[in-house]
Amino acid sequence: MKQFTIRTSRHEASLKDFAARAAAAEMIYINNVRKTQTECALKFAVVRREPFCALLLTFLADTAALENPVYRHSAKLREMALSLRKTPLFKRELRLLREFFAQNSELNVEGYTTFRMFEFREKLDTMIYTLVKKIKFGGDD
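Residues numbered from 1 in each chain as written. Predicted model: local features only at pLDDT ≥ 70, side-chain atom pairs only at ≥ 80, totals over all residues. Heavy atoms only, no water.

A.B. asks: I keep staring at the pattern of salt bridges and nothing clicks. Help me out?
C.D. replies: Opposite charge on two side chains lets them pair, provided their charged atoms get close. On inspection of all chains with the given rule, the structure shows ten salt bridges. For the salt bridge of Glu-12 with Lys-35, the shortest nitrogen-to-oxygen distance reads 3.5 Å. Placement of the pair is Glu-12 in helix 1 (residues 12-24) and Lys-35 in strand 2 (residues 28-35), with a sequence separation of 23 residues. Judged by relative accessible area, which is 24%, Glu-12 ranks as partly exposed. The partner of Glu-50 in a salt bridge is Arg-98, with the nearest N and O atoms 2.7 Å apart. (Salt bridge = Lys/Arg side-chain N within 4 Å of Asp/Glu carboxyl O. Helix = DSSP H or I, 4+ residues; strand = E, 2+ residues; numbered from the N terminus. Buried < 20%, exposed > 50% of the residue type's maximum accessible area, 1.4 Å probe, protein only.)

A.B. asks: Mind showing me how you'd approach helix 5 (residues 88-103) here?
C.D. replies: The α-helix advances 3.6 residues per turn, and as a result positions three or four apart in sequence lie on the same side. For helix 5, with 16 residues, the first-to-last C-alpha span of 23 Å sits near the 22 Å given by 1.5 Å per residue. Within helix 5 the residues assigned to the buried category are Leu-89, Phe-90, Glu-93, Leu-94, Leu-97, Phe-100 and Phe-101. Take helix 5 and look down its axis: the buried residues cluster within an arc of 140°, on one side only. In helix 5, the exposed residues that point more than 90 degrees away from the buried face are Pro-88, Lys-91, Ala-102 and Gln-103. (Expected span 1.5 Å × (residues − 1). Arc of directions from axis to C-beta.)

These figures capture arrangement, not role.
See the structure below:
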């Protein structure tokens, strides 16, 4: 069992929800949840690596979408963002997350979604841009 820690300063509720689902599915055993004024840290042991990584990437992808104000305020657009989970980009992100997980024992949610998921976030932005262009040019007819 690998010991792992996930830290966040802005997504405590989502992290706790993710941890509860992973623990209920017996993917992890939670050792400790530490909360300070600026950060929440979840320390746990990973029992089932593959399903855990897939669930973690789903959590990170949702977090990346919520970091964008347009997706944060539109349930319909968040639903569109879910379609990215069926793309080669998502599979690539999963492979990269597995590599990260194998080499590290700690993950900062905001840092990972900002820097390591750059292509994914860029694709989210492109989806919004494309939608706005369609709306703008569709209204001129």
